[in-house]
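Summary of the model geometry
One-letter residues, chain by chain:
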Amino acid sequence: MACEKCMDTGWVETNGFVRKCICQRKVSKEVIKALNIPKRYEDVSLENFLLLSKEHKKALSIVKSYIELKAFQKGNGLMFVGPPGTGKTHLAVSIIKEIYTKYGIKGYFINTISMLFEVKKLYEERKSENSLLKEILEVPILVLDDLGNERLSEWSKDIIHYIISNRYNDMKPIIITSNSYINTQNDLPSLEERLSPSIISRIKSTCKLVKIKGTDIRSKGKEFLEKVKQLQKAKREAEEQ
């Protein structure tokens, strides 16, 4: 069935300007798999990110500038910090989707604890080549989700140090999400308590810190979330007409 907005041309005209149709922003199942995006986040995008506060609007603006200015090409990353359920993972996933759609540059999403578990499992199985670790080191853009949200063993710290140091030296960006601030805050634990100073130093020198405070969006319930999504969708469609 043809797209009603562009009739499958891929382009629409709005107020005298031609822009890419929203149907072109859809990411295929194959791409979702290649980017290692979890099923829960298959449909997230910058367009459906919930703007519930000024901080959400600021964070979205930073992300859009990061993508448009191609800051990732210089090895620069972003670090989203704040309480659970404030949209950090949504933004991180949206970034690698958007960059792949716009520029054809591959990203790779992985939860930090899951990554450490899988890497350790491969080592214990005495795999001659750790394919997961190779992917994490070599992919153009890496998302490390939930970094430092749990206390880590020395082995885990060493693996994280190895990954961040190698990507830092190769000028390959990392997008990080964490419930912990780098420096101690009253409401959240400090990453400095959980990671080595050298890891923190590299993160601070390459990642722009984006703070997102607020209540847990997930705790609001599906009815609330759907209502906000519908309002934002209606607003976007009105602006595009």
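Residues numbered from 1 in each chain as written. Predicted model: local features only at pLDDT ≥ 70, side-chain atom pairs only at ≥ 80, totals over all residues. Heavy atoms only, no water.

Glancing now at helix α6 (residues 154-169). Taking 1.5 Å per residue, 16 residues should reach 22 Å; α6 reaches 22 Å between its end C-alpha atoms and fits that length. Looking at α6, one finds that the buried residues are Ser 156, Lys 157, Ile 159, Ile 160, Ile 163, Ile 164, Ser 165 and Arg 167. Buried positions along α6 lie against α4 (112-124), α5 (131-138), β5 (141-145), β6 (174-178) and α7 (197-206). Met 171 sits one or two positions beyond α6 and adopts a positive phi of about 55°. (Helix = DSSP H or I, 4+ residues; strand = E, 2+ residues; numbered from the N terminus. Expected span 1.5 Å × (residues − 1). Buried < 20%, exposed > 50% of the residue type's maximum accessible area, 1.4 Å probe, protein only. Contact = heavy atoms within 4.5 Å.)

As a further point, take the pattern of salt bridges. Scanning the model with the defined rule gives 5 salt bridges in all. One salt bridge connects Lys 157 with Glu 154, and the closest N-O pair in it is separated by 3.6 Å. Taken together, the positions of Lys 157 and Glu 154, both in helix α6 and 3 residues apart, correspond to about one turn of that helix. Look at Glu 154 and you get exposed, because its relative accessible area is 54%. (Salt bridge = Lys/Arg side-chain N within 4 Å of Asp/Glu carboxyl O.)

Within the open sheet, the 5 strands sit side by side as β4-β5-β6-β3-β7. Their pairing is parallel. In the strand order of this sheet, the two ends are held by β4 (107-111) and β7 (207-211), each with one partner. With strand direction ignored, the average angle separating the axes of adjacent strands in the sheet is 15°. For β4 and β5, the ladder comprises 5 bridges, and the chain directions are parallel. Bridge pairing links Gly 107 to Ile 141 in β5. Relative to strand β3 (residues 77-81), helix α2 (residues 54-68) is tilted by about 165°, and along the sheet it contacts β3, β6 and β7. (Pairing = 2+ DSSP bridges. Axes fitted to C-alpha atoms, helices over the stretch in contact; angles between N-to-C directions.)

A word on the pairing of β3. Summarising burial for β3: 5 of the 5 residues are buried, a large majority. Of the two faces of β3, the one holding Gly 77, Met 79 and Val 81 and the one holding Leu 78 and Phe 80 are both buried throughout. Note: β3 against β6, 4 bridges, orientation parallel. When the bridges of β6 are listed, Met 79 appears paired with Ile 176.

The next point concerns the packing of α4 against α5. Relative orientation of the contacting elements α4 and α5 amounts to 135°, with a least axis distance of 8 Å. Between α4 and α5, the crossing angle belongs to the class labelled oblique. Of the residues in α5, those in contact with Met 115, Glu 118, Val 119, Leu 122 and Tyr 123 of α4 are Leu 132, Leu 133 and Ile 136. Looking at side-chain class alone, the contact of α4 with α5 contains 7 nonpolar, no polar and 1 charged residues. (Parallel < 35°, antiparallel > 145°, perpendicular 65-115°, else oblique. Nonpolar A, V, L, I, M, F, W, Y, C, P; charged D, E, K, R; others polar.)

Here we come to unusual backbone geometry. The phi torsion at Lys 70 lies on the positive side, around 55°, for a residue other than glycine. The phi torsion at Met 171 lies on the positive side, around 55°, for a residue other than glycine. In this structure, Met 171 sits in the loop between α6 and β6.

Turning our attention to the confidence of the model for the protein chain. With 76% of its residues at a pLDDT of 70 or more, the protein chain shows a mean pLDDT of 84. Helix α8 (residues 222-240) is the least confidently modelled element of the protein chain, averaging 60 in pLDDT, while β5 averages 98, the highest of any element. (pLDDT = per-residue confidence, 0-100.)

The element β5 is extensively covered by neighbouring structure, given that 5 of its 5 residues are classed as buried. Of the two faces of β5, both are covered, the one formed by Ile 141, Val 143 and Asp 145 as well as the one formed by Leu 142 and Leu 144. Pairing between β5 and β6: 3 bridges, direction parallel. Bridge assignment links Val 143 to a residue of β6, and that residue is Ile 175. Crossover connection from β5 via α6 to parallel β6: handedness right-handed. (Right-handed = clockwise from strand over helix to strand, strands pointing away.)

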